[in-house]
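Below are the chains, spelled out letter by letter.
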Amino acid sequence: MRRAGDAAATRDERSAARRPRPVDGSGDRARPERSRPVRAASGEGAGRRVREAARNERAGASGRARPSAARPAHPRATRRPVRPARMGDPRKRLRIGLIALGVVLTLFAGRLLQLQALDAPAYAAQAAAKRTQTVTVPAERGSLTDASGVSLAKSVDAYDVTADPTQVQKYDPHATALALAPLVAGDPVAIEAKLRTPKSRYVVLAPQVDPAVWNTVRQAQKDLGKVRRDDLVGIYSTKHSKRIYPAGPVGANLVGFVNATGHGGGGLEMTLDGQLAGKDGRTTQEMVYGRRVPTSDLTGTRAVAGSDVQLTVSRDLQWYAEQLITAKVAETKSESGTVVVQDVRSGQILAMATAPGYDPNHIGPNDVHNLGNRAVEEAYEPGSTGKVMTMAAVIQEGRATPGTHVTVPNRLARADQLFKDEHDHPTQQLTLAGVLAKSSNIGTILASEQLGPGRAEANAKLHEYLTRFGVGQPSGLKFPGETPGILAQPQKWSGSQQYTIPFGQGLSVNSVQATSVFQTIANGGVRIEPSLVKGSTDADGKFKPTAAPKSTVVVSPETARQVSDMLETVVADDGGTGKNGRIPGYRVAGKTGTANRFDPKTGHYNGYTTSFIGFAPADNPQVVVSVTLQAPGIDGGGGSLCAPVFQQVMTFALQSRRIAPSGTAPLDLPIEW
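The structure reproduced in this document is the subject of the present report.

Rules used throughout
- Residues numbered from 1 in each chain as written.
- Predicted model: local features only at pLDDT ≥ 70, side-chain atom pairs only at ≥ 80, totals over all residues.
- Heavy atoms only, no water.
- Helix = DSSP H or I, 4+ residues; strand = E, 2+ residues; numbered from the N terminus.
- Buried < 20%, exposed > 50% of the residue type's maximum accessible area, 1.4 Å probe, protein only.
- Contact = heavy atoms within 4.5 Å.
- Areas by Shrake-Rupley, 256 points an atom, 1.4 Å probe, with all protein chains shown as cover.
- 1 Å grid on protein atoms, 1.4 Å probe; cavity = no way out; pocket = protein on both sides within 12 Å on 5 of 7 lines; lining within 4 Å.
- Points joined across faces, edges and corners; volume = space filled by probe spheres on them.
- Nonpolar A, V, L, I, M, F, W, Y, C, P; charged D, E, K, R; others polar.
- Pairing = 2+ DSSP bridges.
- Axes fitted to C-alpha atoms, helices over the stretch in contact; angles between N-to-C directions.
- Polar contact = N/O pair within 3.5 Å; in protein donor to acceptor, adjacent residues only side chain to side chain.

1. A closer look at the overall build of the chain
Stage number 1. The helix and strand tally for the chain stands at 21 helices and 26 strands.
Stage number 2. Per-residue burial over the chain gives 45% buried out of 673 residues.
Stage number 3. Contacts in the chain between residues at least 24 apart in sequence constitute 72% of all its contacts with a sequence separation of at least 6.
Stage number 4. Accessible surface for the chain amounts to roughly 34600 Å². Of this, 53% is attributable to carbon and sulfur atoms.

So this is what it looks like as structure tokens:
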């Protein structure tokens, strides 16, 4: 322990050492000797210097001065004292290390949290997208059958040959296309283009192939897999029904067809597409090399099959009508022809034939002009068959009866024009029934003038009846492309139209509308909207009949009976124009028609339209048949060209429906007075 006196002495010595020394003889000021702090040093020398400095300090404190070693003369030669070494604090280094380790672990934990919690759904979705694909599951399309259940259109098993481009692109799309094209009868260039579709997992390479074709592709995959594995990798199939038409061209223009998208492209396939198509489903499945993993679960929505629709037409009657009209079009070199058969009491269409037609199973480029249905799409001027409406109006208004006398000159001057009948004749004394039987234009004009005190009033009244008969408005079939015909307002009738419309020129109808006029007369003056659908059966097997069609009273039953008697005279009387429509054993009522034809291609009248429309048995009407030929290339009217077809179709219809022959003789009203 150091004493207090020793400590004071030491402080005095230090103070003396800091005071300036006297200058020696050389003129230099003697430098005081300062005690230098002990500098830490390492090794044995450093330790020795520390101990020597301690002894010097103790000696100075006790009054004993130790001689110091001689110092170098030059001040720069003096060495600085060495500071003592300090040992590092290990606890500080440990703390720093722990902090650094904590930071690193925190980063790892944060990244792990991001991957497992925050970004997990996104990564899971990316992984699922790479191994799964979602495809549409087409609903099975409902079938179309005739009135007795015979199939006219149905769907059969087929396959869409498809591909996963992401799998194919890992190998060689070009080689895959070359290997697949001959198996599916496809174009290798088009197939390769689809296989190179970027960012796609699903493309259709060959739609609706037969099961045998897909089996060939599967066998090729197995065979090629033994040699080189990459040619047909990523090629697989999706079950997809195929639309076929068992009757071929029979009813094609009526039934229609299905387009490349699987929806109706024409006819009833288009009209009833909402019922037939059903509702597509969707499925998501895991895929490996273009094939579904067997153990993977399928997810999605189930497809709902479309309804089966039963039509009102008879396949046999449809076939027969098509055969006859096709042959007649060829025989007469006509541009086209139609046959419509309608049930009198229900308004149901029993057949709707048109020629030329097509085969919906094999539609080619040459069929483009025949895909429609001329019976509803083609408007034409009815000619003399339109006289029936004028006669019904005159009788209903009480202006005449079938026996009313009409004097018919060879020419009739009206509206600065001279009107004539088809053939020149001397002045005739005809009854109103005779006017219709001989199809006199002049007699019909004279009868129509009785509808009002003036021409304007007569026109308005005639227009009213024409509208009631359905002229100038849709028939009710809601068929695609149907024309409502043309019927101008009476105040817009030109000078000539006021006199041509009564005998069927200056207005237009389609074949179904023209047939409906005769159905109205045959049905006691009640018009029933034509219909083509009996009902439908849904996916659960429940049959739902079609709602009853709209009916309209056009004329009274008595008026309808009198007009029917006049129409029977047209066929029964040897002087009538419709004698070629007679059917042995049956009473037949009908009317011929020949009219100038407006050609839409040229915008002018060119050629003519011939027709024959009638119903039987006249004493108990059951069936109406209309036959129309457009622009025949030979001479002849409705009586010579169309009546024979009517006679054959009507005979087939009466026999197939087992309608008994008439029990009375044909009615033959007087046609002259």
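2. Examining empty space enclosed by the protein
Stage number 1. For the structure shown, the criterion picks out 3 cavities of 30 Å³ or more.
Stage number 2. Approximately 50 Å³ is the volume found for the largest cavity.
Stage number 3. If you trace the largest cavity, you find it lined by P382, T385, G386, M389, V509, A514, V517, F518 and I613.
Stage number 4. Sort the elements by how many residues they give to the lining of the largest cavity and helix α19 (residues 511-522) lands first, with 3 residues.
Stage number 5. Of the residues in the lining of the largest cavity, the class split is 7 nonpolar, 2 polar and no charged.

3. Some points on the sheet that holds strand β7 (residues 242-244)
Stage number 1. Spatially, β7-β3-β2-β13-β21-β22 is the arrangement adopted by the 6 strands of the open sheet, whose pairing is mixed. Strands with a single pairing partner mark the edges of an open sheet, and in this sheet they are β7 and β22 (543-545).

4. Re unusual backbone geometry
Stage number 1. Geometrically, the link from A355 to P356 is a cis peptide bond, its omega value of 0° lying close to zero.
Stage number 2. Between A616 and P617 the backbone carries a cis peptide bond, its omega angle lying at -15°.
Stage number 3. Structurally, P617 can be placed in the loop between β25 (604-616) and β26 (623-630).
Stage number 4. The phi dihedral of A185 falls on the positive side, at around 55°, and the residue is not glycine.
Stage number 5. In this model, D416 sits at a positive phi of 60°, which is unusual for a non-glycine residue.

5. Digging into the sheet that holds strand β4 (residues 159-163)
Stage number 1. A sheet is described by the order of its strands in space; here 3 strands give the open sequence β5-β4-β6, paired in antiparallel fashion. Edge strands, defined here as strands with exactly one partner in the open sheet, are β5 (203-209) and β6 (235-239). Put simply, the sheet's adjacent strands are angled 25° from each other on average, direction ignored.
Stage number 2. In terms of strand pairing, β4 meets β6 through 5 bridges, oriented antiparallel. Residue pairing for β6: V161 is matched across the bridge by S237.

6. Some words on the side chain of N459
Stage number 1. One can find N459 in helix α17 (residues 455-468).
Stage number 2. Taking relative accessible area as the criterion, N459 reaches 2% and is therefore assigned buried.
Stage number 3. Here the side chain of N459 touches Q498 through a polar contact of 2.9 Å, side chain to side chain.
Stage number 4. Among all residues touching N459, those that are not within four sequence positions of it are P490, W493 and Q498.

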